[in-house]
Structures are given as C-alpha cells and as structure tokens.
Amino acid sequence: MKDSTLLFLAFAGLWFLAVASAGNFLQDFDITWGGQRAMILNGGRLLRLSLDKVSGSGFVSKNEFLFGRIDMQIKLVRGNSAGTVTAFYLSSQGPAHDEIDFEFLGNLSGNPYTLHTNVCTQGKGNREQQIRLWFDPTMAFHTYSIVWNAQRIIFLVDNIPIRVFNNLESIGVPFPKNQPMRIYSSLWNADDWATMGGLVKTDWTKAPFTAAFRNFKANACVLAPGTSACIRTASTQDSGWQDQALDASGRKWIQWVQKNHMVYNYCKDVKRFPKGLLPECKRSRFL
Ligand SMILES: *[C@@H]1O[C@H](CO)[C@@H](O)[C@H](O)[C@H]1NC(C)=O
C-alpha cells in the first residue's frame, strides 16, 4: 500500500470514530434530575424526557464547549401540552453565567407552540424573541441548532436561521465568549407563566407528557477538564461553524421569519424599555 492510501485510511477511520461517537446519549450526557422520567433508549440513540405531576426531568452534557455548532433533533410533547416547557440550551455555571436558549412553550391541542429564544451574558438576559413555528413540532423530529463563534450566535430550525445575535462588544454589548458551556435539556411544568401568563393550567389527566431527542451532534471545541485549552472537535470534518455568518439567503430567511412568524421581539418593545431600546437594537436590521 502506498503511504497516501494508508494516510487516507487513517483519516477515514478517525472520521468514522468521531461521527459514531457524536450521537450517543449514554456516552455524552448525564441525567440531572427526574430519575426514571428521563430514559435513554436504543443503545443511546434516543433520549426521552417526561413530566408528571410530581416532577419533570432533564439532562446535561458531560463535556464543556467553548464555541461550536450544536444540533439536536427534538419531537415535542403532543396533544394538550399547555403549561409544559421543553428547553434546549447552552449554559455556563454560576451567578455570572452565560446562556443561549431555545424554549418551547406548549399549548392547548390544535394551537401553535411558541419558540422562545434568549441570550444571557454574565447573568443578564432580557433579550427574548418569540416565534411560531411553520410546522407542527409534535408530529416529527426537527433539528434545532446553535452556532456559536466569536463573532456571533445563530439560532437555526431545520437549518433555517431564525435569529442572529452579533458580537457588538465594540458598542458595549456584552457577548458570551469566555465561559465554556454545557448542553442542557429539560421538560418541566411552567403553568404559572408559560401559557398566557398562567391563565391556562396544565391538564394533569394527560400526564405523563413526553418529549424525545435524537441525533445529537457537537462540532465544537471541547475543553480539557480544568483548562482553557481546546483539545478536539467532536467531528473533524465540519469546522464551518468557526466563521459561519449569514449569507444573502440566510438574511432573507431571517427577514421571512421576522415578517411572518415572529410574535415578540425585545428590540421592538418600547414599553418595556422606556429609556431606550438596548444598543444592539439600533444597530442591526437582523436582530
Ligand atoms: C396558544 O395559542 C393561542 C392561539 O393561537 C395563542 O394566542 C397563544 O399565544 C399560544 N400560547 C403559547 C404559549 O404559545
């Protein structure tokens, strides 16, 4: 065999290992709460969270990441899911933590879910947006992704960008870039606020409520424990996230989402910010 063939085989083998190890819940996650309500199935390829009157449930990644692209396929709670919240987010720890959030607010049967997103830097959030999805997220798995690099954060649904949060430290907007984050997910009862400010209560006769997760992928910088060194990316094949930005088509999609599917935008809420909108709201058309 020629050297180049050997080299090729070596790379092919590494690639296979990286991809194969990317999607296993047994290997990559710990159940954080809810006991048997969180179940890892099919040899680690599927994870199911459930919620009953006693408790919800949740899980967290073993690894910490500093920048990357995280994909998760989720099938949300079916039927009358009003009062339930399913969350998928990145977060660091402590009072000055950073957080990048997807939260799915359930609704009465036949009524649409709300997808709530937020970015928290050094413990401060207040940057909520809400959209209605253009499909029923309970019928099939859909892919929810976070691209996080030093320049921006992009939220994607089925690879369609729905939000971008740019690094505007140059005009004094804090941006999460120093604290490594873990991936979290949870399903809990929030009928005190999630459904029309607490008006609609969770229907416990429908419990347990369940949401399913699969095909998790982290193309990300993984930190060696106790260091700030990036030791590897989970998949060496795809590092496009490192400088991923919105191209013309991405900007069109965000405009489409804002025009047709957005129900709340902190950048438009002058009542809430009577002394003036946050600085990034004046800066970019694509918030
Ligand atoms: C539930 O659906 C109603 C009717 O479309 C909508 O007004 C309400 O905001 C929805 N609630 C949530 C939590 O998405």
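Bear in mind that the values here come from a model prediction, so they are computed numbers and not experimental data.

(A) Examining the overall build of the protein chain more closely. Within the protein chain one finds four helices and 16 strands. Put simply, the protein chain has 287 residues, and 51% of those count as buried. Counting contacts in the protein chain only where the partners sit at least 6 residues apart, residues at least 24 apart contribute 65% of the total. Surface exposure of the protein chain reaches about 13,900 Å², of which carbon and sulfur atoms provide 54%.

(B) View of the sheet that holds strand β6 (residues 84-91). Read from one edge of the open sheet, eight strands run β1-β4-β13-β6-β7-β8-β9-β16, paired in antiparallel fashion. The open sheet has two edge strands, β1 (29-33) and β16 (262-265), and neither has a second partner. The sheet shows a mean angle of 15 degrees between the axes of neighbouring strands, taken without regard to direction. Across seven bridges, strand β7 (residues 99-105) lies against strand β8 (residues 114-120) in antiparallel orientation. By the bridge assignment for β8, Phe 102 is matched with Thr 117.

(C) Layout of the state of the cysteines. A complete count under the given rule lists one disulfide for this structure. Residue Cys 267 pairs covalently with Cys 281 via a disulfide, S to S 2.0 Å. Negative torsions about the S-S bond denote left-handed disulfides, and the value of about -75 degrees found for Cys 267 with Cys 281 makes this one left-handed. Residue Cys 267 is found in the loop between β16 and α4 (279-283), and its partner Cys 281 is found in helix α4; the two are separated by 14 residues along the sequence. Note on accessibility: Cys 267 and Cys 281 belong to one class, buried.

(D) Spatial organisation of the pattern of salt bridges. Throughout the structure, instances matching the rule amount to eight salt bridges. As a salt-bridge pair, Asp 71 and Arg 69 come within 3.0 Å of each other at their nearest N and O atoms. Owing to a relative accessible area of 8%, Asp 71 belongs among the buried residues under this scheme. With a relative accessible area of 12%, Arg 69 lands in the buried category.

(E) How the structure looks around the environment of Gly 58. Structurally, Gly 58 is set in strand β4 (residues 57-61). For Gly 58, a relative accessible area of 0% translates into the label buried. Separated by 19 residues in the primary sequence, Gly 58 and Met 39 place their C-alpha atoms 9.8 Å from one another. Aside from chain neighbours lying at most four places away, what touches Gly 58 is Ile 31, Thr 32, Trp 33, Ala 38, Leu 49, Ser 185 and Ser 186.

(F) Layout of the site of the ligand. Taken together, Leu 105, Gly 106, Asn 107, Asn 111, Pro 112, Tyr 113, Thr 114, Arg 132, Ala 194 and Met 196 make up the full set of residues near the ligand. Between the ligand and the protein, one listed contact pairs an oxygen atom with a backbone N or O atom of Pro 112 at 3.4 Å. For the ligand, whose unbound accessible area comes to 360 Å², protein coverage reaches 71%.

(G) Layout of unusual backbone geometry. Between Ala 207 and the following residue, Pro 208, the backbone shows a cis peptide bond with an omega angle of 0 degrees. Assignment of secondary structure puts Pro 208 in the loop between β13 (182-189) and β14 (209-223). Look at Asn 42: it is not a glycine, yet its phi comes out positive at around 50 degrees. In this fold, Asn 42 is placed in the loop between β2 (38-41) and β3 (46-51).

(H) Spotlight on the pairing of β7. Of all seven residues in β7, seven are buried; the element is thus mostly enclosed. Side-chain alternation along β7 places Glu 99, Asp 101, Glu 103 and Leu 105 on one buried face and Ile 100, Phe 102 and Phe 104 on a second face that is also buried.

(I) Quick look at helix α3 (residues 248-260). With 13 residues, α3 extends 18 Å between its outermost C-alpha atoms, agreeing within 8% with the 18 Å of an ideal straight helix rising 1.5 Å per residue. The complete set of buried residues in α3 reads Gly 250, Ile 254, Val 257 and Gln 258. All buried residues of α3 lie within an arc of 95 degrees about the axis, which places them on one face of the element. Those residues of α3 that are exposed and aimed more than 90 degrees away from the buried face are Lys 252 and Lys 259. Looking at the buried positions of α3, the neighbouring elements they touch are β9 (129-132), β12 (160-166) and β16.

Conventions we followed
Residues numbered from 1 in each chain as written. Predicted model: local features only at pLDDT ≥ 70, side-chain atom pairs only at ≥ 80, totals over all residues. Heavy atoms only, no water. Helix = DSSP H or I, 4+ residues; strand = E, 2+ residues; numbered from the N terminus. Buried < 20%, exposed > 50% of the residue type's maximum accessible area, 1.4 Å probe, protein only. Contact = heavy atoms within 4.5 Å. Areas by Shrake-Rupley, 256 points an atom, 1.4 Å probe, with all protein chains shown as cover. Pairing = 2+ DSSP bridges. Axes fitted to C-alpha atoms, helices over the stretch in contact; angles between N-to-C directions. Disulfide = S-S within 2.5 Å. Salt bridge = Lys/Arg side-chain N within 4 Å of Asp/Glu carboxyl O. Near = heavy atom within 4 Å. Polar contact = N/O pair within 3.5 Å; in protein donor to acceptor, adjacent residues only side chain to side chain. Expected span 1.5 Å × (residues − 1). Arc of directions from axis to C-beta.

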